[in-house]
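Structural characterization, general
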Amino acid sequence: MVSAGLRQKRRREAVRNVAFLSPWLIGVSVFFLYPLISTVYFSFMRYDGFTPPTWTGLKNWQYVFTDYPFFWPALRNTLWLVVVMVSLRVVFGLGIGLLITKVKTGAGFFRTAFYLPYLAPPVAATMAFAFLLNPGTGPVNNILGSLGLPQPGWFNDPQWSKPALTMLALWGIGDLMVIFMASLLDVPKEQYEAASLDGAGPWQRFRFVTLPNISPIVLFAVVTGVIQTMQYYTQPLVAGKVASGVIGGSGQQFEPGYPDKSTLTLPQLVYHLGFQRFDTGGACVIALVLFVLAMVFTAFLMRRGSGFLATND
Amino acid sequence: MPRFTRALLATSAVALLATACTGTSNAPQASDDATKDVTITFWHGWSAPGEVAAINANIKAFEAKHPNIHVKVVGNINDDKIKQALRAGGANAPDVVSSFTTDNVGTFCQSNVFADLKPFLDKSGVDLDKTFPKALQDYTQFEGKRCTLPLLNDAYGLYYNKDAFKAAGITTPPKTLSEFDADAKLLTKVKGDSYSQLGFMPNFHGYESTTTHFAAQWNPAYFTADGKSNLVADPAFAKMLTWQKNLVTELGGFAKLEKYRATFGDEWGAKNPFHTGQVAMAIDGEWRLGMAKDAGVKFDIGVAPFPVPDDQADSYGKGYLSGTIIGIASTSQKQNAAWELVKYMTTDTDAVVSFANAIHNVPSTLDALKSPKLDADLNFRTFLEIAQHPKSSTTPASPNGGAYQLTLQDFGFAYESGKVTDLAGGLAKTDQQIDKDLAQVK
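Just so it is clear, the model here is predicted, and its values are computed rather than measured.

Criteria and thresholds
- Residues numbered from 1 in each chain as written.
- Chains lettered and ligands numbered in written order.
- Predicted model: local features only at pLDDT ≥ 70, side-chain atom pairs only at ≥ 80, totals over all residues.
- Heavy atoms only, no water.
- Helix = DSSP H or I, 4+ residues; strand = E, 2+ residues; numbered from the N terminus.
- Rg over C-alpha atoms; globule rule 2.2 N^0.38 Å.
- Buried < 20%, exposed > 50% of the residue type's maximum accessible area, 1.4 Å probe, protein only.
- Areas by Shrake-Rupley, 256 points an atom, 1.4 Å probe, with all protein chains shown as cover.
- Lys, Arg positive; Asp, Glu negative; His and termini not counted.
- Charge placed at Lys NZ, Arg CZ, Asp CG, Glu CD.
- Contact = heavy atoms within 4.5 Å.
- Buried area = accessible area lost by both parts, 1.4 Å probe.
- Salt bridge = Lys/Arg side-chain N within 4 Å of Asp/Glu carboxyl O.
- Polar contact = N/O pair within 3.5 Å; in protein donor to acceptor, adjacent residues only side chain to side chain.
- Arc of directions from axis to C-beta.
- 1 Å grid on protein atoms, 1.4 Å probe; cavity = no way out; pocket = protein on both sides within 12 Å on 5 of 7 lines; lining within 4 Å.
- Points joined across faces, edges and corners; volume = space filled by probe spheres on them.
- Nonpolar A, V, L, I, M, F, W, Y, C, P; charged D, E, K, R; others polar.
- Disulfide = S-S within 2.5 Å.
- Pairing = 2+ DSSP bridges.
- Right-handed = clockwise from strand over helix to strand, strands pointing away.

Things to note about the overall build of chain B
Within chain B, the secondary structure is distributed over 20 helices and eleven strands. Taking 2.2 N^0.38 as the reference for a compact globule, 442 residues should give roughly 22 Å; the C-alpha atoms of chain B span a radius of gyration of 24 Å, in line with that estimate. With the C-alpha coordinates of chain B rotated into their principal frame, the extents come out at 80 × 65 × 35 Å. Taking all 442 residues of chain B together, the buried fraction comes to 59%. As displayed, chain B offers around 17600 Å² of accessible surface, 55% of which is attributable to carbon and sulfur atoms. Each charge sign in chain B was given a centre, from 42 positive and 48 negative side chains, and these centres are 4 Å apart.

What follows is the structure, encoded as structure tokens:
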């Protein structure tokens, strides 16, 4: 039997705890739970943003999965970018970080040179790449041509558009390079010395000393990279627009994902449906697909990553 | 209270909150007094200095006529911004809105985001048939609901390089598509695996060389009477795509033309391929005259109506029409004052003519088209004639904007590149896709 005084004390404690938690609770409620519940709610509604929403059941879901011609190409592209672009960014970022930590002279220059592109605004950087990689007039193809090498269509060719976007992402590798450099410089030197004394070569030192020490950073880079790539919007949109040369006007429709839907990503579809076609319900379905995909990828990576971390401990 | 019940109640409360927080357009009655001192906000899309100066002069003239109505002008606004602003409403939302594209008229009218203009037109005694050409009346309403009016007009025709024509021994612009194809080949000069001059860029990414602009020469019906897509049933589309694909092949093939297209400069800049002489002929709107002049083009420019199919030679002179539209936000609390501005900009002959002359657009009223104050340039007069041709046509308004045009264009890309070879089957699939997209917004 709990006394009335004890009950009152517990209630006071509960109120106090909630009061201390309230900034977090309010933040999560307003910026996460409310939008999430709204998104689920609107995914079952016909809503154009102007007239009151009406219940449509699974119609939006059926439309997106079976009738919306851009959904599956966008999903395939997003998965391609998650697998290829994120992997290459992590490998390239780690590689550059390793190289720069080994450089004896001019390390500051190289650090700056590799970090600066990351600071370039995405639109400007993409436009610059579209200019450099223009298949007709771009300097890259001019050089390739003068060397007798094949000249790809880059952003104008569906086979090359995603590799071209990957090149753009690798050019702006500065963020990962800095993180990897910091973690590499943090690896205890004694461990390298001990490994060397045991006869370990460069690869073995990397595999059994460097990698275990920086594995949490690798996992962080992969998880944040996946989430960022799920939200990949500006660069493919600008690249497609610049390369197609079509900005869209009356009777002149801008083609999403030029060329041949190869640069379409899911966030572009959220905008396309929600803000251009007034189909908030369809846009919410795609937003939820993105949310679920990000959750699944993150959970998978965290699960695999925890094993990776554990085996390297 | 059981935990489940509490959770259910909380979820319901949040869902209700979500519903309550959604913007809805409750159109206010136009009860404001337009004779009192008032400031209205006008959004438009013009951004070039000359165009902005022209619209500002137009507004200044309006304010001189209506000293009690002050206009706050906001430029460089596109349709995406318009939609968001009208969804959000509020004190900073526009009262009067203009858009460069007619594609969203269906959405604007159907969703009541723009006010119904009929009561205003009736009040002011504006007779639409005596004021605007038929095609312009059509593209500013949707299913009988008039929520916008035309604010200037765009007509598409054939631009040609007179010097290139002379060098190739061509004396007159082509009138039929078979003449056009022959001229395009004659004007094409191959250089290595590319061109030093292309007669015409037929590829659907070739700026204004779009499916809808070409299709207008066949006067197609995009939809059946009950609103279903009509691409496979109307032979116009198959004929247009067959003609275009044939021209692509005759001029060197899709891949070669695409590679050449990649060398083109910006459509709206000085390096437009027609300005630079990379193409000798182009389909384009009347604005190109002013742009070519500003770009300092060295050769003589000729303008003619775009050629028509050989079996429709008697309809030569027609072309694709489009234009800027203007409407009143249904959320505006100053609709009567806003109407005064809309009425002035769309129906006052002097206002329409001076604005059309200033930005090199075709005027949108019947009186303005006949005005002696209109630009006397012969090339420009060609566009005036295209705009008034009884067979000139436009793309119809649709509840999901230009989605059907995008779907047709998408098929055009697949067909011109050879990715799809079954024309009838492809058009049937395109019909199905358009119908599915329409069903989604109904």
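Anyway, onward from the coordinates.
Observations regarding the interface of chain B and chain A
Every contact between the two is made by 53 residues of chain B and, on the other side, 51 residues of chain A. Both sides of the chain B and chain A interface together cover about 4200 Å² of buried area, and 51% of this is carbon and sulfur. Of all residues in chain B, the largest losses of buried area upon contact with chain A belong to B:Arg87, B:Leu406 and B:Gln440, amounting jointly to 17% of the total for that side. There are four salt bridges connecting chain B and chain A. The residue B:Lys436 makes a salt bridge to A:Asp67 at a minimum N-O spacing of 3.5 Å. Viewed at the interface, chain A and chain B are joined by 13 residue pairs in polar contact (both at pLDDT 80 or more). When contributions to the side of chain B that touches chain A are tallied by element, the ones reaching two or more residues are α1 (3-20), α3 (79-88), α4 (105-110), α10 (211-215), α12 (254-261), α19 (403-416) and α20 (423-440) of chain B. The element that contributes the greatest number of residues to the side of chain B that touches chain A is α19(B), accounting for six residues.

Overview of the side chain of A:Asp48
Tracing the sequence through the fold places A:Asp48 in the loop between β1 (45-46) and β2 (54-55). Within the buried core, A:Asp48 has no salt-bridge partner, and the shortest N-O distance to an opposite charge, that of A:Arg46, equals 4.3 Å. Polar contacts involving the side chain of A:Asp48 include one to the main-chain amide nitrogen of A:Phe50, which spans 2.8 Å. Those residues in contact with A:Asp48 that sit more than four places away from it in its chain are A:Phe278, A:Thr280, B:Arg87 and B:Ser111.

Concerning helix α9 (residues 177-186) of chain B
All names here are of chain B. If you check which residues of α9 are buried, you get Leu177, Phe180, Asp181, Asp183 and Ala184. Buried residues of α9 fall within an arc of 165° about the axis and therefore sit on the same side. Buried residues along α9 sit against β6 (149-161), β8 (194-200), α11 (235-250) and β9 (279-285).

Observations regarding the layout of surface pockets
Computed from the structure, the second largest pocket encloses a volume of approximately 1200 Å³. The set of elements that each furnish at least two residues to the lining of the second largest pocket consists of α3 (71-102) and α7 (161-171) of chain A together with α12, α19 and α20 of chain B. No other element matches the seven residues that α19(B) contributes to the lining of the second largest pocket. Residue classes in the lining of the second largest pocket are distributed as 18 nonpolar, 14 polar and 15 charged.

Some thoughts on the state of the cysteines
Residues and elements named next belong to chain B. If you walk through the whole model with that rule in mind, you get one disulfide over all chains. With its sulfur 2.1 Å from that of its partner, cysteine 109 forms a disulfide with cysteine 147. Between cysteine 109 and cysteine 147, the disulfide has an S-S torsion of -90° and is therefore left-handed. In this pair, cysteine 109 sits in helix α4 while cysteine 147 sits in the loop between β5 (145-146) and β6, placing the two residues 38 residues apart along the sequence. Here cysteine 109 and cysteine 147 have matching classes, each one buried.

Focus on the environment of A:Phe208
Of note, A:Phe208 is situated in helix α10 (residues 202-230). Between the C-alpha atom of A:Phe208 and that of A:Ile179, which follows or precedes it by 29 residues, the distance is 20 Å.

Some thoughts on the pairing of strand β1 (residues 38-43) of chain B
Residues and elements named next belong to chain B. Within β1, five of the six residues are buried, leaving the element largely enclosed by the surrounding structure. Where β1 and strand β2 (residues 69-74) come together, six bridges link them in parallel fashion. By the bridge assignment, phenylalanine 42 is partnered in β2 with valine 73. The parallel pair β1 and β2, bridged by helix α2 (residues 49-65), forms a crossover whose chirality is right-handed. Strand direction decides the pairing type here: β1 and strand β3 (residues 96-99), joined by two bridges, are parallel. Following the sheet pairing, phenylalanine 42 is matched in β3 by valine 96.

Focus: the pattern of salt bridges
Applying the stated criterion across every chain yields a total of 16 salt bridges over all chains. With a closest N to O distance of 2.9 Å, A:Lys261 and B:Asp410 form a salt bridge. Placement of A:Lys261 in the loop between α11 (234-244) and α12 (266-276) and of B:Asp410 in helix α19 is noted, with the two residues assigned to different chains.

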